[in-house]
Every structure is written in structure tokens, then in C-alpha cells.
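# Observations on chain architecture
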Amino acid sequence: MQNPLERILIEMIRGQGPLSVAQFMALGLAHPQHGYYMKQDPFGREGDFTTAPEISQMFGEIIGAWTADIWMQLGSSENFNLVECGPGRGTLMADLMRSTKNVPGFHEACKIHLIEISPALKEKQKEALPPYKVQWHARLDTLPQDAPLILIANEFLDALPVQQYVQTGEGWQERFITVDESNRFEFSPLSTGEIIESSSARVSFVENLCALLEKTTGAALFIDYGALYSGTGDTFQAVHKHKSVNVLEHIGYADLTSHVDFEALVKNIHERKIKISGPVTQGNFLKANGIEARAAQLFAQAPAQKADIENSLKRLVDSDQMGTLFKVIGLSCGKNINPAGF
Ligand code: SAH
């Protein structure tokens, strides 16, 4: 029994031929009616996965301090556009805004813009951010260019589609997804050779952002799982109810991602007027921005929660948890802008 999206994909493949891994990923996540992000709220204990801002308020607070610091380096500009890409439930932005309440002038200067495709998550974001005026966008190109820009994105790039190439007897071939006679999805070619990945969607997103930053000045911060340097290997993965599942099953009901190749992401921007900070590991970035001092302050205020706070600190920074697999990169443009924590 196939679900509606699986039936649509089978028909597409039978009619027009195999789908590339990138097309399959884009449809699995963002098909207008049946894509994974078009239906449900995927987060939390009952959902499919848990992200750093959902683990602890400290994550958003540290990014809040980072953002306020950039804003001050921009001369505490009278107006600025604060953009978050893929804000999920809005938790990171809510913690960021709460933690910057006492920074004089910051809230008055700030206009919030959220780049989001999921209608269900937009509703959650509305609920999480009631005191603030928020504008939603589907893409970067509709963002205003009238003021400096500060952009943050946690686990956003991993959701943009990736291409895969497989080494065969006849050289590298793009990997496609097709269906067999019994309507089961399978990869083609079936070769077991080495796999390399590249994501034109991520690279062009970053390039477009850099072009925008050159116009507006400001900075961007991307946090995601992936490697510092380009390598080989298949990192295309599906997660359903906190478990890793076959990427060719549960289509439309599983989150599809792949690891971000941080080297490839910034390879084309060296000629631009953009400063690249990092990538560094999430553990080092959060520690350099004071997460341990923040945790100590929180235990002092709420001693009964000490074990919980310690546990979430460990999840965010320890190497065997998210601390090393997740990387952070900063991009900035403007006189003497120096993003903190790298
Ligand atoms: N940053 C959040 C959510 C990460 S999940 C957190 O850390 O909890 C990925 C987010 O990106 C979701 O909000 C999803 O709806 C959004 N998203 C996925 N693909 C997108 C695209 N192509 N354009 C805009 N948003 C997208």
C-alpha cells in the first residue's frame, strides 16, 4: 500500500523517468500537498527529531548574545533586519528575543523576518512570537535591503536538496531513484561504488545571501551537522519518530536530510567582500560564547533544575553528543565586523 505522495512519485517516474536524489528529496520534503514539511509539526518528544533550541533555552540565549554583539559592531544601527531561515517552532527566535530584552535599543531597531515553507510551522511560529511584528517569506529575494541584515539558520541547510554521484565502471554517474515492477523504489545505477554529494541548492543559497550581505552589510550564522572538509560517502538520511529509517520508505512522513559540506559551501565566495569565520564545532562555538557561564547562572537561580541544566549543556557541547558533529560558520560584510566565538 502506497501513501498518496508515493503514488504521485511512482506516476511521475513511470511517465517521465527516474528522479534524481535531489528531486526526490525536494518532493519528499516540500511537495505542495503531501511533502513532509507541508503537513505536520515534526518536533519534540512525540515528533520525529529534537533540535538544539528545543533541548535548552541556553542555545537561543547564546545566539541572542552573538546577534546583539554583531548589532553593536554595526554601530547599533537604528534599524536592522533580523532573519531566521527555517525557524521550526520559533523557539530559537523566542529565546533570542527574550534574552536581548535588556539590550538598550535592540528591540526597537529590530524587524523580524522568517523564511519558512511549512504552513504548520508558520502557525507554531505565530504562537511562539506574539509580542513581535513578524514578516514571513518563502525565499531570500523578498527580504528588504534597506538596512543591515543579521541572519541565523539552525538545521536549515541540511533540508535543502543534495545531488549524489556514484562511481561506476563508466565513471561518475548521477544517482537516480526509480521503481521496480512491484512499485518499490530503488536506486539507479545499483553500483556499490563510492558516492559523492554536492548541493547546488545550498551553494546557491549561500551565494545569494553573500550578494545580499554585500548590499546591506551585516552577518550570517549557519549551524548544521556535517563535515569541515569535502569527502566521499552517502549521508542522505531519513528520520521518522526519532529513528533512522530507509530513505526510500515513509516518503512524506520522514525527514530527509544530508550532511552539509562546509568546505563546498564557501568555496565560491572567496572573491567576494565577505569574511568567513570558522567553521568551528558547535561545542567550541557555544563555549567561546559563554554557555558554561550561562549554565552556572541558571543553576544558581534554579538549584532544583541543576541536573536538567547540566544534562542539556552536555547534549549541546559534548563531543559524543552534538558538540562535534555540528559545525558553525559565520559570514559577514562590513567594516571591522568580527563575529564572536570563532
Ligand atoms: N531551526 C529549527 C528547525 C529546523 S528543521 C530548529 O532548530 O528547531 C528545518 C526548518 O526549515 C523547518 O522549519 C522547515 O519547515 C524549514 N524548511 C525546510 N526547507 C525549507 C525551504 N526550502 N525553504 C524554507 N524553509 C524550509
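To be clear, the structure that these remarks concern was listed above.
The sections below set out a description of the structure shown in this document. Keep in mind that this is a model prediction, so the values were computed, not measured.

### Let's talk about the sheet that holds strand 9 (residues 185–188)
Strand order across the open sheet formed by three strands is 1-8-9, with antiparallel pairing between neighbours. In the strand order of this sheet, the two ends are held by strand 1 (19–20) and strand 9, each with one partner. Two elements, strand 1 and strand 8 (residues 176–179), share two bridges in a ladder whose sense is antiparallel. What sits directly across from S20, in strand 8, is F176. Lying on the sheet, helix 1 (residues 4–16) is in contact with strand 1, strand 8 and strand 9; it crosses strand 8 at an angle near 100 degrees.

### Concerning helix 13 (residues 306–317)
For helix 13, spanning twelve residues, the distance from its first C-alpha to its last is 17 Å, which sits close to the expected 16 Å at 1.5 Å a residue. Those residues of helix 13 that fall on the buried side of the exposure criterion are I309, S312, L313, L316 and V317. Projected down its long axis, helix 13 shows its buried positions confined to an angular sector of 120 degrees, all on one face. Across helix 13 from its buried face, at more than 90 degrees, point the exposed residues A307 and D308.

### Structural notes on the sheet that holds strand 14 (residues 255–257)
Strand pairing in a sheet relies on backbone hydrogen bonds, with the paired strands running either antiparallel or parallel. Spatial strand order, 13-12-14: three strands in an open sheet with antiparallel pairing. The sheet terminates laterally at strand 13 (243–245) and strand 14, the two strands that pair on one side only. Strand-to-strand twist in this sheet, taken as the mean axis angle between neighbours without regard to direction, amounts to 35 degrees. Relative to strand 14, strand 12 (residues 237–240) runs antiparallel, the two being bridged by three bridges. Looking at the pairing, V239 lines up with D255 of strand 14.

### Here's the deal with the site of the ligand
Every one of the 17 residues lining the ligand counts as a neighbour, but T51, G86, G88, E116 and N154 are closest to it. G88 places a main-chain nitrogen or oxygen 3.0 Å from an oxygen atom of the ligand. Against a free-state accessible area of 570 Å², the protein chains account for coverage of 92% of the ligand.

Calculation criteria
- Residues numbered from 1 in each chain as written.
- Predicted model: local features only at pLDDT ≥ 70, side-chain atom pairs only at ≥ 80, totals over all residues.
- Heavy atoms only, no water.
- Pairing = 2+ DSSP bridges.
- Helix = DSSP H or I, 4+ residues; strand = E, 2+ residues; numbered from the N terminus.
- Contact = heavy atoms within 4.5 Å.
- Axes fitted to C-alpha atoms, helices over the stretch in contact; angles between N-to-C directions.
- Expected span 1.5 Å × (residues − 1).
- Buried < 20%, exposed > 50% of the residue type's maximum accessible area, 1.4 Å probe, protein only.
- Arc of directions from axis to C-beta.
- Near = heavy atom within 4 Å.
- Polar contact = N/O pair within 3.5 Å; in protein donor to acceptor, adjacent residues only side chain to side chain.
- Areas by Shrake-Rupley, 256 points an atom, 1.4 Å probe, with all protein chains shown as cover.

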